[in-house]
Amino acid sequence: MIANFFKRLTEAPKDSLQGEDARLALCALLVRIARADAHYSDAETAQIDRVLVGRYGLSPFEATALRREGEEVEETAPDTVRFTRAIKDAVPHDERIGVIEALWQIVLADGARDAEEDSIVRLASNLLGINDRDSALARQRVTARS
């Protein structure tokens, strides 16, 4: 299953990824950020589930199942670029700021920012075509809602 997912990510023509692949790519990216500081907390897993429920209209059970699948994918993924490429191909540019906000929600879920987490958000933002200023504004909006 995971091998097929990576094959679709690397071989699919642009704009041909199915919505489920893009969901899984975002989920795996959220997990990657949560694990970046070597402390994958309950607060972060709960926040990932909330993001998935809110973004995709999933039930809590479905969100947890998707997160667990994303955890498996993240463990075997060699790099972050594959996830961001899938998201970039599936999400229109004007909606990608919502992806960056989701990333910041995970970074801030445990109450502490880490340099590794910040680095992944910066990389993902850049790969998604979101500049540092817009990413910082997204972080401020997430912080204000918390």
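These lines cover the structure that appears in this document, whether it is placed above or below.

Parameters at a glance
- Residues numbered from 1 in each chain as written.
- Predicted model: local features only at pLDDT ≥ 70, side-chain atom pairs only at ≥ 80, totals over all residues.
- Heavy atoms only, no water.
- Helix = DSSP H or I, 4+ residues; strand = E, 2+ residues; numbered from the N terminus.
- Buried < 20%, exposed > 50% of the residue type's maximum accessible area, 1.4 Å probe, protein only.
- Contact = heavy atoms within 4.5 Å.
- Areas by Shrake-Rupley, 256 points an atom, 1.4 Å probe, with all protein chains shown as cover.
- Expected span 1.5 Å × (residues − 1).
- Arc of directions from axis to C-beta.
- Phe/Tyr/Trp six-rings, centres within 6.5 Å; stacked < 30°, edge-to-face > 60°.
- Lys NZ or Arg CZ within 6 Å of the ring centre and 35° of its normal.
- Axes fitted to C-alpha atoms, helices over the stretch in contact; angles between N-to-C directions.
- Parallel < 35°, antiparallel > 145°, perpendicular 65-115°, else oblique.
- Left-handed = near helix turned anticlockwise from the far one by under 90°.
- Core = buried A, V, L, I, M, F, W, Y, C linked by side-chain atoms within 4.5 Å.

**Description of the overall build of the protein chain**
Looking only at helices and strands, the protein chain features 8 helices and 0 strands. Residue burial in the protein chain is summarised as follows: out of 146 residues, 42% are buried. Put simply, of all contacts in the protein chain between residues at least 6 apart along the chain, 74% involve residues at least 24 apart. On the protein chain, roughly 7,500 Å² of surface is accessible, and the fraction owed to carbon and sulfur atoms is 48%.

**Concerning unusual backbone geometry**
In this structure, Ala-38 is a non-glycine residue whose phi angle is positive, near 65°. On the secondary structure map, Ala-38 appears in the loop between helix 2 (19–35) and helix 3 (42–56).

**Quick notes on helix 8 (residues 132–145)**
Counted at 1.5 Å a residue, the expected span for helix 8 with its 14 residues is 20 Å, and the 20 Å between its end C-alpha atoms agrees. Within the span of helix 8, buried status applies to Ser-135, Ala-138 and Val-142. Along the axis of helix 8, the buried positions cluster into a sector of 55°, meaning they face one direction only. The exposed set on the far side of helix 8, more than 90 degrees from its buried face, consists of Arg-133 and Ala-144. Contacts from the buried residues of helix 8 go to helix 6 (96–109) and helix 7 (115–127).

**So, the packing of aromatic side chains**
Inspection of every chain in the model, using the stated rule, returns 0 aromatic pairs. In this structure, Arg-35 packs its charged tip against the face of Tyr-40, placed 4.9 Å from the ring centre. The ring of Trp-104 carries the charged tip of Arg-139 above its face, separated from the ring centre by 5.6 Å.

**Focus on the packing of helix 2 against helix 5 (residues 81–90)**
For the pair helix 2 and helix 5, the least separation of the axes is 8 Å and the interaxial angle reads 135°. As summarised for this structure, helix 2 and helix 5 are arranged oblique, according to the angle between their axes. Relative to helix 5, the crossing made by helix 2 is left-handed. In contact with Ala-22, Ala-25, Leu-26, Ala-28, Leu-29 and Arg-32 of helix 2, helix 5 contributes Phe-83, Thr-84, Ala-86, Ile-87 and Ala-90.

**What to know about the nonpolar core**
By size, the foremost hydrophobic cluster in this structure holds 36 residues, and its most contacted members are Leu-30, Leu-52, Ile-87 and Leu-103. Looking at this core, the elements that each hand over two or more residues are helix 2, helix 3, helix 4 (60–76), helix 5, helix 6, helix 7 and helix 8. The element that contributes the greatest number of residues to this core is helix 2, accounting for 10 residues. Once residues lying within four places of it in the same chain are set aside, the contact partners of Leu-103 are Leu-29, Leu-30, Ile-33, Val-121 and Ala-124.

**Considering the environment of Ile-100**
Looking at where Ile-100 falls in the secondary structure, it is placed in helix 6. Judged by its relative accessible area of 0%, Ile-100 falls in the buried class. Each C-alpha atom of the pair Ile-100 and Arg-139 lies 8.1 Å from the other, and the pair is 39 residues apart in sequence. With near-sequence residues (within four places) excluded, Ile-100 lies in contact with Ser-125, Leu-128, Ile-130, Ser-135 and Ala-138.

Spatial relationships are all this shows, so hold off on functional conclusions.
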